[in-house]
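Survey of secondary and tertiary structure
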Amino acid sequence: MLTMKDIVREGHPALRQVAEEVLLPPSDEDKETLRQMLEFLKNSQDPEIAEQYELRSGVGLAAPQLGINKRMFAVHVTDDKDNLYSYGLFNPKITRHSVETTHLEGGEGCLSVDRDIPGDVPRYKRITLEGTTLENEKVRLRLRELPAIVFQHELDHLNGIMFYDRIEDYAPETD
Ligand SMILES: CNC(=O)c1cccc(C)c1Nc1nc(N2CCN(c3ccccc3Cl)CC2)nc(N2CSC[C@H]2C(=O)NC)n1
Ligand code: NI
């Protein structure tokens, strides 16, 4: 099972690369990795398992955070209407988005960032995202609010973008 030691932190080059498209149909190895990423998120949201294995809780994880330079991420998040969005996606891309933006009230956190960075992270309020699932099926998702925010945060990881890059007047002394 994946634990926090498998997750690379700020300063690791993988977090600043543009990840490579995954060749479809996905290999057994790529599918296994993506399944493990989804399992990590579920484990991280279970209080007992998270405590036992010292996992930080997350609702999204992208392959570059494992040092894997491939365009795939996992999301396991429930929205305010109790709809569960649980996906492992290959080669996701945003095909439409609202002009309107939104942000998470408490700011954003990231499993690869071991510090709290305050500030609004502007995200599109609504997006249409396409990708290929673990079952090698093309899927088109219309997302809004929290799920939309999470998918955008993970897609940024595939393009070497960290959430704090998007905070207005965030002037770090380091990366
Ligand atoms: C540093 N301050 C903060 O993190 C932060 C602080 C306050 C409020 C918010 C709103 C914050 N922001 C923030 N909180 C989260 N979680 C809340 C807790 N939750 C969770 C925790 C326990 C069990 C189950 C679950 Cl579900 C897991 C997810 N997640 C993200 N992000 C940004 S988009 C990808 C996503 C991610 O998975 N990050 C690791 N941001
Ligand atoms: Ni992140």
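In this text, all values refer to a predicted model and were calculated from it rather than measured experimentally.

**Some thoughts on the UniProt feature "active site" (unreviewed entry) in the protein**
- Within the UniProt annotation, "active site" (unreviewed entry) is assigned to Glu154.
- Relative to the assigned elements, Glu154 resides in helix H3 (residues 145-158).
- In this structure, Glu154 is in contact with Gly60, Leu61, Ala62, Gln65, Phe73, Ala74 and Val75, ignoring residues within four places of it in sequence.

**Considerations on H3**
- Across its 14 residues, H3 extends 21 Å between first and last C-alpha, which sits within 8% of the 20 Å expected from 1.5 Å per residue.
- Counting buried positions over the 14 residues of H3 gives 12, a clear majority of the element.
- When we look at burial in H3, the residues that qualify are Pro147, Ala148, Ile149, Val150, Phe151, Gln152, His153, Glu154, Leu155, Asp156, His157 and Leu158.
- Gly160 occupies a position one or two residues after H3 and carries a positive phi of about 70°.

**Thoughts on the site of ligand 1**
- Of all residues adjacent to ligand 1, which total 15 residues, the nearest are Ser57, Gly58, Val59, Gly107 and Gly109.
- The backbone of Gly60 places a nitrogen or oxygen atom 3.4 Å from an oxygen atom of ligand 1.
- The protein chains hide 64% of the 800 Å² of surface that ligand 1 would expose on its own.
- Looking at side-chain class alone, the shell around ligand 1 contains 4 nonpolar, 8 polar and 3 charged residues.

**A look at the side chain of Asp156**
- With respect to the secondary-structure elements, Asp156 resides in helix H3.
- Using a relative accessible area of 7% as the deciding quantity, one classes Asp156 as buried.
- Among the polar contacts listed, one links the side chain of Asp156 to the side chain of Arg166, at a separation of 2.6 Å.
- The residues contacting Asp156, other than those within four sequence positions of it, are Arg123, Ile161 and Arg166.

**With respect to the coordination of the nickel ion (ligand 2)**
- Within the protein, the nickel ion (ligand 2) binds to Cys110 (SG), His153 (NE2) and His157 (NE2); these donor distances fall in the range 2.1 to 2.3 Å.
- Between consecutive donors of the nickel ion (ligand 2), the numbers of intervening residues give the motif C-x42-H-x3-H. With His153 and His157 both in helix H3, this residue pair falls 4 residues apart, about one helical turn.
- Since its relative accessible area comes to 7%, His153 is described here as buried.

**Details of the layout of surface pockets**
- By volume, the largest pocket is sized at about 220 Å³.
- Taken together, 18 residues make up the lining of the largest pocket; nearest its centre are Val59, Gly60, Gly109, His153 and Glu154.
- Of the residues in the lining of the largest pocket, the class split is 7 nonpolar, 8 polar and 3 charged.
- By volume, the second largest pocket is sized at about 180 Å³.
- In terms of lining residues, the second largest pocket is bounded by Ile94, Thr101, Pro122, Arg123, Tyr124, Gln152, Leu155, Asp156, Asn159 and Arg166.
- Put simply, the parts of the chain that give the lining of the second largest pocket at least two residues each are strand S5 (123-124) and H3.
- Counted by class, the lining of the second largest pocket contains 4 nonpolar, 3 polar and 3 charged residues.

Calculation criteria
Residues numbered from 1 in each chain as written. Chains lettered and ligands numbered in written order. Predicted model: local features only at pLDDT ≥ 70, side-chain atom pairs only at ≥ 80, totals over all residues. Heavy atoms only, no water. UniProt positions renumbered as here; feature names shortened; annotations may be inferred. Helix = DSSP H or I, 4+ residues; strand = E, 2+ residues; numbered from the N terminus. Contact = heavy atoms within 4.5 Å. Expected span 1.5 Å × (residues − 1). Buried < 20%, exposed > 50% of the residue type's maximum accessible area, 1.4 Å probe, protein only. Near = heavy atom within 4 Å. Polar contact = N/O pair within 3.5 Å; in protein donor to acceptor, adjacent residues only side chain to side chain. Areas by Shrake-Rupley, 256 points an atom, 1.4 Å probe, with all protein chains shown as cover. Nonpolar A, V, L, I, M, F, W, Y, C, P; charged D, E, K, R; others polar. Donors = N, O, S within 2.8 Å, 3.2 Å for Na, K, Ca; no water. 1 Å grid on protein atoms, 1.4 Å probe; cavity = no way out; pocket = protein on both sides within 12 Å on 5 of 7 lines; lining within 4 Å. Points joined across faces, edges and corners; volume = space filled by probe spheres on them.

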